[in-house]
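# Residue-level structure breakdown
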Amino acid sequence: MKNEIINKTELFVKKVLGQDSTGHDWYHVDRVRKNALHIADYEKAGDRFVIEMAALLHDVPDEKLNESEEVGFNKLYHFLDQLPLNQQEKDQIINIISTISYKGGQTTELSSLEAKIVQDADRLDAIGAIGIARTFAYGGKKGQPLYDPALQVRSTMTLEEYRNGKSSSIHHFYEKLLKLKDKLNTESAKQMAEKRHQTMEHYLELFFSEWNGQQ
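Every value quoted in this text rests on a predicted model; they were computed, and no experiment measured them. (Residues numbered from 1 in each chain as written. Predicted model: local features only at pLDDT ≥ 70, side-chain atom pairs only at ≥ 80, totals over all residues. Heavy atoms only, no water.)

### Considerations on helix 3 (residues 48-57)
Counting buried positions along helix 3 gives 9 out of 10 residues, so the element sits mostly inside the fold. All buried positions along helix 3 are accounted for by Phe 49, Val 50, Ile 51, Glu 52, Met 53, Ala 54, Ala 55, Leu 56 and Leu 57. Residues of helix 3 that are buried sit in contact with helix 1 (2-17), helix 2 (26-43), helix 4 (69-81), helix 5 (87-99) and helix 6 (113-124). For helix 3, the capping residue at the N-terminal end is Asp 47, with a side-chain oxygen 3.0 Å from the backbone nitrogen of Phe 49. (Buried < 20%, exposed > 50% of the residue type's maximum accessible area, 1.4 Å probe, protein only. Helix = DSSP H or I, 4+ residues; strand = E, 2+ residues; numbered from the N terminus. Contact = heavy atoms within 4.5 Å. Polar contact = N/O pair within 3.5 Å; in protein donor to acceptor, adjacent residues only side chain to side chain.)

Next comes the structure, spelled out in structure tokens:
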């Protein structure tokens, strides 16, 4: 039964996000799912089914990808209501998805290990080589410049400023991505993040070297 639910969920997510060009496509979702299950196995903790379902569905209600957050969550609720899940499973999945987003660095208390695992899995896909590619894909889609030295790095932001304030793709590294390594919850995710973090630091060194006309 649970395999059937997972398969149906995969098809739903591919239909909803399959054509996304901001870095939140099916392949991102699948990587987050794989990261999450890897962390769960390493930590030997958490409900694997709930973790997998939350990882698969985590971007469905994202306000960046919908007309509004309300529209997105209604889409999620409608889909979950069609599945043979018990109320506890539904509540767990919804709670995880509702609390793991970065939202400009605003701190949300995570109420379960499953939420911590899915959040870590999602954040791992925001850093490293793939994280760099996703940053520029999203920035381009949003109409942001690659880099604008006249802009200042924003150290603190409201959600509105994070979503709609003026920034650049390179500024995004300093406003979010380089902070993620120290915001992870599980030991396994922290270990996975080390090399990815170093990749971003090295990339930025090369970027500014070329930007400044150095060899």
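### Points about the packing of aromatic side chains
Counted by the stated rule, this structure contains 11 aromatic pairs. An angle of 5° between the planes, with centres 4.0 Å apart, marks the rings of Phe 12 and Phe 79 as stacked. Remark: Phe 79 occurs in helix 4 and Phe 12 occurs in helix 1; sequence separation between them is 67 residues. Judged by relative accessible area, Phe 12 falls into the buried class, the value being 17%. Look at Phe 207 and Trp 211: their rings are 5.7 Å apart centre to centre, the planes differ by 20°, and that puts the pair in the stacked class. Of this pair, Phe 207 and Trp 211 are both found in helix 10 (residues 187-211), 4 residues apart, which corresponds to roughly one turn of the helix. On the accessibility criterion, Trp 211 (42% relative accessible area) is partly exposed. The structure contains a cluster of three or more aromatic residues connected by ring pairs, namely Phe 136, Tyr 147, Phe 173, Tyr 203, Phe 207, Phe 208 and Trp 211. (Phe/Tyr/Trp six-rings, centres within 6.5 Å; stacked < 30°, edge-to-face > 60°.)

### Brief notes about the nonpolar core
If you look at the biggest cluster of nonpolar residues, it comprises 53 residues, and the most contacted ones within it are Val 13, Met 53, Leu 57, Leu 76, Leu 80, Ile 93 and Phe 173. Of all the elements in the fold, those that place two or more residues in this core are helix 1, helix 2, helix 3, helix 4, helix 5, helix 6, helix 9 (169-175) and helix 10. Per-element accounting of this core gives the leading share, 8 residues, to helix 3. Discounting residues that sit within four places of it in the chain, Leu 76 has contacts with Leu 57, Val 60, Pro 61, Ile 94 and Ile 97. (Core = buried A, V, L, I, M, F, W, Y, C linked by side-chain atoms within 4.5 Å.)

### Let's talk about unusual backbone geometry
Of note, Lys 44 is a non-glycine position whose phi angle comes to about 55°, a positive value. By secondary structure assignment, the location of Lys 44 is in the loop between helix 2 and helix 3. A relative accessible area of 74% places Lys 44 in the exposed class.

### So, the environment of Asp 62
Residue position: Asp 62 is located in the loop between helix 3 and helix 4. Between the C-alpha atoms of Asp 62 and Phe 207, which are 145 residues apart in sequence, the distance is 30 Å. Of the polar contacts made by the side chain of Asp 62, one reaches the side chain of Lys 64; its length is 2.7 Å.

### What to know about the packing of helix 2 against helix 10
Contact geometry for helix 2 and helix 10: axes closest at 8 Å, N-to-C directions at 130°. The angle between the axes of helix 2 and helix 10 places the two elements in the oblique class. Taken together, the residues of helix 10 that come into contact with helix 2 (itself represented by Asn 35, His 38, Ile 39, Tyr 42 and Glu 43) are Glu 187, Ser 188, Ala 189, Gln 191, Met 192 and Arg 196. Residues that form the contact of helix 2 with helix 10 fall into these classes: 4 nonpolar, 4 polar and 3 charged. (Axes fitted to C-alpha atoms, helices over the stretch in contact; angles between N-to-C directions. Parallel < 35°, antiparallel > 145°, perpendicular 65-115°, else oblique. Nonpolar A, V, L, I, M, F, W, Y, C, P; charged D, E, K, R; others polar.)

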